[in-house]
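Structural features, examined
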Amino acid sequence: MARAAYLEKLDKVFKSVREKTDFEPRVGLILGSGLGDFAKEINVSFELPYSEIEGFPVSTVPGHDGRFIFGTISDVPIVCMKGRVHYYEGYEVSDVVLPVRLMIKLGIKTLFLTNAAGGLQDGMSAGDLMLITDHISVFAPNPLIGPNDSEIGPRFPDMTEVYDLKIREKIQEIAYENDIPLETGVYCQLTGPTYETPAEIRMLKTLGVDAVGMSTVVEAVAARHMGVKVCGISCISNLAAGLSKNPLSHEEVQAAADQAAPRFTRLVSEVIKTL
Ligand code: HPA
């Protein structure tokens, strides 16, 4: 889509949301597959199904409920995305990151990304939580390809510290204080929707990847482009292909997320209180 048309679309969805709520969130939280239960922690002010926003991309994956939830966690105003759209659903990558750009227009200063991911790191098990320290974007489409609008961000944005170091240190501290085991590592986004082959997983492991999934990186790139702080946590829903005897399934992803949910909820809500 041409740049001017895209910016018009962003403006249109922004106005459409602003017609319904004047809520000003400070933190944007995207809940990954199976992690939607976190929404119960929110003191809800207003809920907005994506389907009620004209021109907004709507997820087609079962278990990916699509709505914005505006509210507070211990007085911190947040907007939570229960469900996201993925590139593999057939949307342009610019549409995949439209919700992130919208949340930034709505006022968020920090984007908290979460996902379900396959684990590659030695010693990892399904149900582990992993703090994302960095990412590899080269296998995902870059959301900044196309003419750049310098009002949104620079043409060649720096990506030295995508995942904010101070927030990462805070997350590790909070995990330690709350007795929540937390791995750290590099996340890589592939397009999906196929899970990887064992050969692909061996390649990713050689490249230094600790967790693999089908989201998050494009959203982190779009947010850093606009100067917003980013942090992220992966819920390791399965060992990556070839690392366990089982074939991968979406059901397994959901089950591991359920197992991790209490730890995930505690950690994320304690962190949000400090943002
Ligand atoms: N690969 C890619 N995406 C995923 C996986 C995986 O193993 N698990 C959950 N999302």
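Whatever comes next refers back to the structure up there.
Summarised in this report is the structure supplied together with it. It should be emphasised that the depicted structure is a prediction, and the values quoted were computed from it without experimental measurement.

Attention now moves to the nonpolar core. Core analysis: the biggest nonpolar cluster contains 47 residues, and F56, F68, F70, L102, M103 and L111 have the highest contact counts within it. Not counting the four nearest positions on each side in its chain, L111 is found in contact with G28, I30, V100, M103, E219, A223, V228, K229, V230 and C231. Within the second largest apolar cluster, 32 residues are counted, among which are L129, I174, I233 and I272.

In this section: the packing of aromatic side chains. With the rule as written, the count across this model stands at seven aromatic pairs. Taking 6.3 Å as the distance between ring centres and 80° as the angle between the ring planes, the aromatic pair formed by F38 and F264 counts as edge-to-face. Remark: F264 occurs in helix α7 (residues 250–272) and F38 occurs in the loop between β1 (27–31) and β2 (43–49); sequence separation between them is 226 residues. This pair shows no difference in class: F38 is buried, exactly as F264 is.

Next up on the list: unusual backbone geometry. Cis geometry marks the peptide bond from G192 to P193, where omega comes out at 0°. With respect to the helices and strands, the residue P193 is situated in the loop between β7 (183–189) and α5 (198–206). Phi at D75 takes a positive value of approximately 75°, unusual for a residue other than glycine. Relative to the assigned elements, D75 resides in the loop between β3 (67–73) and β4 (76–82).

Looking now at helix α4 (residues 165–177). Here α4 spans 18 Å end to end across 13 residues, near enough to the 18 Å set by a 1.5 Å rise per residue. Listing the buried residues of α4 in full gives I167, R168, I171, I174 and A175. Down the axis of α4, the sector holding all buried residues measures 125°, keeping them to one side. Residues K166, Y176 and E177 are exposed on α4 and point more than 90 degrees away from its buried face. Considering only its buried residues, α4 is in contact with β5 (110–119), β6 (129–136), β9 (229–239) and α7. Its side-chain oxygen at 3.2 Å from the backbone nitrogen of K166, D164 defines the N-terminal cap of α4. Following α4 by one or two positions, D179 adopts a phi angle in the positive range, close to 60°.

We now examine the site of the ligand. A116, A117, G118, Y195, E196, V212, G213, M214, S237, N238, L248 and V253 make up every residue found near the ligand. Here E196 contributes a side-chain N or O atom positioned 2.8 Å from a nitrogen atom of the ligand. N238 is positioned with one of its side-chain polar atoms (N or O) 2.7 Å from a nitrogen atom of the ligand. Of all elements in the fold, only β5, β8 (211–213) and β9 reach the threshold of two or more residues within the shell around the ligand. A total of three residues in the shell around the ligand trace back to one element, the largest contributor, which is β5. For the shell around the ligand, the residue count by class is seven nonpolar, four polar and one charged.

Next up on the list: the packing of helix α1 (residues 3–20) against helix α3 (residues 98–106). Two numbers describe how α1 lies on α3: the axes approach to 10 Å, and their chain directions differ by 55°. Here α1 is positioned oblique relative to α3, judged by the angle of their axes. Judged by the sense of rotation from one axis to the other, the crossing of α1 with α3 is right-handed. Where α1 approaches α3, its residues R3, Y6, K9, L10, D11, V13, F14, V17 and R18 are matched on the opposing element by L98, R101, L102, K105 and L106. Partitioning the contact of α1 with α3 into residue classes produces eight nonpolar, no polar and six charged.

What follows concerns the pattern of salt bridges. This model, assessed by the stated rule, comprises nine salt bridges. D11 is paired through a salt bridge with K105; the nearest N and O atoms lie 3.6 Å apart. Here D11 is found in helix α1, whereas its partner K105 is found in helix α3, with 94 residues between them in sequence. Here D11 falls in the partly exposed class, since its relative accessible area comes to 27%. A relative accessible area of 35% means that K105 is categorised as partly exposed. Residue E54 pairs with K12 through a salt bridge whose shortest N-O separation is 3.5 Å. With E54 in the loop between β2 and β3 and K12 in helix α1, this residue pair connects regions lying 42 residues apart in the sequence. Taking the relative accessible area as the measure of exposure, E54 reaches 57% and is therefore exposed.

Criteria and thresholds
- Residues numbered from 1 in each chain as written.
- Predicted model: local features only at pLDDT ≥ 70, side-chain atom pairs only at ≥ 80, totals over all residues.
- Heavy atoms only, no water.
- Core = buried A, V, L, I, M, F, W, Y, C linked by side-chain atoms within 4.5 Å.
- Buried < 20%, exposed > 50% of the residue type's maximum accessible area, 1.4 Å probe, protein only.
- Contact = heavy atoms within 4.5 Å.
- Phe/Tyr/Trp six-rings, centres within 6.5 Å; stacked < 30°, edge-to-face > 60°.
- Helix = DSSP H or I, 4+ residues; strand = E, 2+ residues; numbered from the N terminus.
- Expected span 1.5 Å × (residues − 1).
- Arc of directions from axis to C-beta.
- Polar contact = N/O pair within 3.5 Å; in protein donor to acceptor, adjacent residues only side chain to side chain.
- Near = heavy atom within 4 Å.
- Nonpolar A, V, L, I, M, F, W, Y, C, P; charged D, E, K, R; others polar.
- Axes fitted to C-alpha atoms, helices over the stretch in contact; angles between N-to-C directions.
- Parallel < 35°, antiparallel > 145°, perpendicular 65-115°, else oblique.
- Left-handed = near helix turned anticlockwise from the far one by under 90°.
- Salt bridge = Lys/Arg side-chain N within 4 Å of Asp/Glu carboxyl O.

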